[in-house]
Amino acid sequence: MFKISKSTIVKLCVLAGMFAVAAIAFESCHTNTTTNPQVFDGQQLATKYCTSCHMLAQPNMADKKSWEKSILPAMAKQLGLQQYMGQIFADQHSALSSAEWQAIAKWYVSKAPDSLIIPKPAVAPLRDWAGFTLVQPKKVSKEMTAMTTMVSVSPDDHQLYTADATNNLYKWTPDGRSKLVYTFDSPVTGVEFVKRPEGNIGVFTTIGNMMPVDELKGRIQELNLSEGKPQPPLVITDSLPRPVQTVTADFNKDGLTDYVVCGFGHDRGGLYYVQQLPGKKYKKQLMLGLPGGTQLIKGDFNNDGWTDIMCLFAQNDEGIRMFLNNKKGGFDVKTLLRFPPINGSSSFQLVDFNHDGKLDILYTSGDNSDYSKVLKPYHGVYIFTNLGNWKFKQTYFYHIDGCTKAMAADFDGDGDLDIAAIGFFSDFKYHPEEGFTYLEQAGLNNFTAHQVPVEKYGRWISMDVNDVDGNGSPDIILGNFSIGQRGLLNQKGFKPQWDNFEPIIILKNNIKKH
């Protein structure tokens with residue numbers, strides 16, 4: 001005979017108990033729904049439970065398979081439901097019963113389409129260089145894969161800086177030559193340039209960990225870029241949840257520079273106000289405990305002489321929120337736009353498209369690396385026109401699969417605003433040219449699309465628009481994050497054709513400012 005250890009007996013008992021719980025729960029759910037299938041309305045229940053955290057996502061926003069295999073199990077976890085051997089059931093800690101959950105799941109799966117229909121443009125995009133000239137790096141290492149995390153041009157001296165996933169910061173010349181400036185403790189995801197008596201200061205946001213985890217390793221760090229060999233940076237604050245951008249201002253008007261930083265986090269994150277105290281001390285306080293903060297814009301939005309903040313939240317409760325300075329060391333929040341959690345919000349910009357003196361919103365959606373990795377018809381570039389008093393109406397949409405960022409500028413010098421857009425999760429299998437699109441304004445809310453042929457040079461995750469060569473016209477800098485594995489490729493059956501090594505390219509604008 002063989003001997004069974006005490007630990008093995010315990011494990012077998014626990015496993016038997018789990019099977020019993022699952023069987024009872026499944027039988028209970030089966031009994032409830034078959035006895036009276038009309039007891040629960042799935043749509044009403046979804047509205048009740050889901051909107052307590054975010055805007056309701058409609059079934060037609062994803063396909064049946066994505067709902068059934070990915071989205072609904074993730075939703076169940078947030079509602080405290082248990083999952084075992086493919087079954088989802090409630091316990092005493094769940095927010096709803098098993099029968100209620102089954103009704104919600106049935107509503108989503110039954111109403112969802114088998115596949116999403118991707119819209120085709122009314123007019124085929126032009127395939128040309130649209131007035132730009134390609135500038136490539138002069139020297140590229142074939143031993144280091146391009147993993148650019150940030151591109152940014154200093155507005156005062158037109159100096160281009162980039163950063164990568166190996167924690168390095170580089171400075172570039174207009175003709176494509178790079179020099180290592182500094183190596184941080186983690187990748188740089190954002191920078192704001194500030195002129196001070198001691199020199200040009202870069203306020204750098206370092207993420208801590210690029211993987212989607214709940215870790216508090218991010219920092220705000222200041223580096224003097226005027227020095228030949230920079231000294232180690234000043235750490236303003238640390239223990240941030242995967243921060244991606246920081247902006248500075250004297251928010252409380254005490255003569256000292258303060259900071260606001262968005263911690264994207266993962267399941268947990270937040271927007272933080274870091275107040276500078278006398279003696280180079282800093283006090284960090286939470287403005288809003290919500291994950292997904294991905295982009296900040298500062299300005300005096302109510303014209304009271306005090307600096308306010310806008311923030312785009314890109315997951316969970318997606319939307320654009322305005323934080324008005326209350327002049328007492330804090331901020332009052334107002335939601336301007338709200339989107340479903342499946343929208344994939346990715347960027348925004350405040351610009352006056354119609355020249356009426358009110359700032360409109362240029363917005364993109366296209367983040368596509370979570371639970372429904374299929375091409376979506378609502379991904380692309382949006383314009384929300386400001387109707388006054390910060391009320392907005394959507395007036396334009398152009399579909400771009402997996403759109404990551406859009407920036408408006410008068411690229412062609414005709415007095416109106418055009419748009420440059422990138423897509424990190426584009427349809428690379430069938431339409432790799434979607435990775436970069438130039439939208440030339442032909443009239444109010446009317447744009448001519450140009451697909452500039454740069455898809456073979458990289459997979460664009462970051463972009464900045466500024467005058468790199470000093471000729472007075474805005475150039476476009478694209479950052480290549482060429483890695484395609486580990487969940488960053490949503491389509492199967494194709495091999496990426498983009499360059500794996502060039503970290504950036506520059507689209508030099510040939511239009512000279514008059």
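Residues numbered from 1 in each chain as written. Predicted model: local features only at pLDDT ≥ 70, side-chain atom pairs only at ≥ 80, totals over all residues. Heavy atoms only, no water.

- Under an unreviewed UniProt entry, the protein chain has the name Cytochrome c domain-containing protein and belongs to Mucilaginibacter polytrichastri.

**Focus: the overall build of the protein chain**
- Assigned secondary structure in the protein chain consists of four helices and 30 strands.
- The C-alpha atoms of the protein chain give 25 Å as radius of gyration, which agrees with the globular expectation for 514 residues (24 Å, within 12%).
- Once the C-alpha set of the protein chain is aligned to its principal axes, its extents read approximately 80 × 60 × 60 Å.
- Taking all 514 residues of the protein chain together, 51% fall into the buried category.
- Partitioning the intrachain contacts of the protein chain with sequence separation of at least 6 by distance along the chain shows that 52% fall at a separation of at least 24.
- Averaging the locations of the 51 positively and 53 negatively charged side chains of the protein chain gives two centres separated by 7 Å. (Helix = DSSP H or I, 4+ residues; strand = E, 2+ residues; numbered from the N terminus. Rg over C-alpha atoms; globule rule 2.2 N^0.38 Å. Buried < 20%, exposed > 50% of the residue type's maximum accessible area, 1.4 Å probe, protein only. Contact = heavy atoms within 4.5 Å. Lys, Arg positive; Asp, Glu negative; His and termini not counted. Charge placed at Lys NZ, Arg CZ, Asp CG, Glu CD.)

**Regarding the nonpolar core**
- Membership of the largest hydrophobic core comes to 43 residues, with the highest contact counts inside it found for Trp67, Trp101, Tyr108, Met310, Ile320 and Ile361.
- At six residues, the largest contribution of residues to this core is made by helix 4 (residues 98-111).
- The contacts of isoleucine 361, once residues within four sequence positions are left out, are Ile320, Leu337, Phe348, Gln349, Leu350, Tyr382, Ile383, Phe384 and Phe392. (Core = buried A, V, L, I, M, F, W, Y, C linked by side-chain atoms within 4.5 Å.)

**As for the pattern of salt bridges**
- Within this structure, the stated rule accounts for 12 salt bridges.
- Here arginine 177 makes a salt bridge to aspartate 175, at a shortest N to O gap of 3.4 Å.
- The class of arginine 177 is partly exposed, set by a relative accessible area of 47%.
- Given a relative accessible area of 34%, aspartate 175 falls into the partly exposed group.
- Note that glutamate 192 is salt-bridged to lysine 298, the shortest N-O span being 3.2 Å. Placement of glutamate 192 in strand 8 (residues 188-196) and of lysine 298 in strand 16 (residues 293-299) is noted, with a sequence separation of 106 residues between them.
- Overlapping salt bridges bring together Asp317, Arg321 and Arg338 as one network. (Salt bridge = Lys/Arg side-chain N within 4 Å of Asp/Glu carboxyl O.)

**Notes on the domain arrangement of the protein chain**
- When cut into domains, the protein chain gives domain 1 (42-111), domain 2 (119-182 + 341-513) and domain 3 (184-338).
- Of note, the centres of domain 2 and domain 3, computed from C-alpha atoms alone, are 23 Å apart.
- At the junction of the two partners, domain 2 supplies 33 residues and domain 3 supplies 35 residues.
- Across the domain 2/domain 3 interface, buried area totals approximately 2,900 Å², and carbon plus sulfur atoms make up 67% of it. (Domains from an automatic or database assignment. Buried area = accessible area lost by both parts, 1.4 Å probe.)

**Quick notes on the pairing of strand 19 (residues 331-338)**
- Here strand 18 (residues 319-325) pairs with strand 19 via seven bridges, running antiparallel. The partner of asparagine 325 across the bridge, within strand 19, is phenylalanine 331. (Pairing = 2+ DSSP bridges.)

**Description of unusual backbone geometry**
- Not every positive phi belongs to a glycine, and asparagine 167 is a case in point at roughly 80°.
- Relative to the helices and strands, asparagine 167 is located in the loop between strand 5 (160-164) and strand 6 (168-172).
- Using a relative accessible area of 17% as the deciding quantity, one classes asparagine 167 as buried.
- Despite not being glycine, arginine 242 has its phi angle at roughly 45°, a positive value.
- Here arginine 242 lies in the loop between strand 11 (234-241) and strand 12 (243-249).
- Its relative accessible area of 8% is what places arginine 242 among the buried residues.

**Considerations on the sheet that holds strand 29 (residues 475-480)**
- Pairing within the open sheet is antiparallel, and its four strands lie in the order 3-30-29-28. Of all the strands in the sheet, just strand 3 (132-135) and strand 28 (460-466) have a single pairing partner and so form its edges. Mean inter-strand twist for the sheet, computed between neighbouring axes without regard to direction, equals 20°. (Axes fitted to C-alpha atoms, helices over the stretch in contact; angles between N-to-C directions.)

**Some details on the sheet that holds strand 6**
- If you walk across this open sheet you meet the four strands as 4-5-6-7, and the pairing is antiparallel. In this open sheet, the two strands that pair with only one neighbour each are strand 4 (148-153) and strand 7 (178-183). Looking at each pair of strands side by side, their axes are set apart by 25° on average, direction ignored.
- As judged from the four bridges shared by strand 5 and strand 6, these two strands associate in the antiparallel manner. Directly across from threonine 162, in strand 6, lies its bridge partner tyrosine 170.

**Concerning the packing of aromatic side chains**
- Using the criterion set out here, one finds 25 aromatic pairs in the structure.
- For the ring pair phenylalanine 251 and tyrosine 273, a centre distance of 5.9 Å and an interplane angle of 90° mean the geometry is edge-to-face. On the criterion of sequence distance, the pair formed by phenylalanine 251 in the loop between strand 12 and strand 13 (258-263) and tyrosine 273 in strand 14 (residues 270-277) is long-range, its members being 22 residues apart. Of the two residues examined, phenylalanine 251 and tyrosine 273, each falls in the buried class.
- Clustering of aromatic rings is evident, with ring pairs tying together Phe339, Tyr363, Tyr382, Phe384 and Phe397.
- Of note, lysine 284 hangs over the ring of tyrosine 272, and the distance from its end group to the ring centre comes to 5.9 Å. (Phe/Tyr/Trp six-rings, centres within 6.5 Å; stacked < 30°, edge-to-face > 60°. Lys NZ or Arg CZ within 6 Å of the ring centre and 35° of its normal.)

**Comments concerning helix 4**
- Helix length check: helix 4, at 14 residues, gives a terminal C-alpha distance of 20 Å against a target of 20 Å (1.5 Å per residue), a fit within 8%.
- Within helix 4 the residues assigned to the buried category are Ser98, Ala99, Glu100, Trp101, Ala103, Ile104, Ala105, Trp107 and Tyr108. (Expected span 1.5 Å × (residues − 1).)

**Some points on the environment of asparagine 480**
- Within the secondary structure, asparagine 480 is located in strand 29.
- The class of asparagine 480 is buried, set by a relative accessible area of 0%.
- Placed 21 residues apart in sequence, asparagine 480 and arginine 459 show a C-alpha to C-alpha distance of 5.1 Å.
- When sequence neighbours within four positions are dropped, the list of residues in contact with asparagine 480 reads Ala146, Met147, Thr148, Tyr457, Gly458, Arg459, Trp460, Asp499, Glu502 and Pro503.

**Notes on the packing of helix 3 (residues 64-78) against helix 4**
- Relative orientation of the contacting elements helix 3 and helix 4 amounts to 150°, with a least axis distance of 9 Å. In terms of their interaxial angle, helix 3 and helix 4 are classed as roughly antiparallel. Like other packed secondary-structure pairs, helix 3 and helix 4 cross with a definite hand, here right-handed. Judged by residue contacts, Lys64, Trp67, Glu68, Leu72, Met75 and Ala76 of helix 3 engage Trp101, Ala105, Tyr108, Val109 and Ser110 from helix 4.
- For the contact of helix 3 with helix 4, the residue count by class is eight nonpolar, one polar and two charged. (Parallel < 35°, antiparallel > 145°, perpendicular 65-115°, else oblique. Left-handed = near helix turned anticlockwise from the far one by under 90°. Nonpolar A, V, L, I, M, F, W, Y, C, P; charged D, E, K, R; others polar.)

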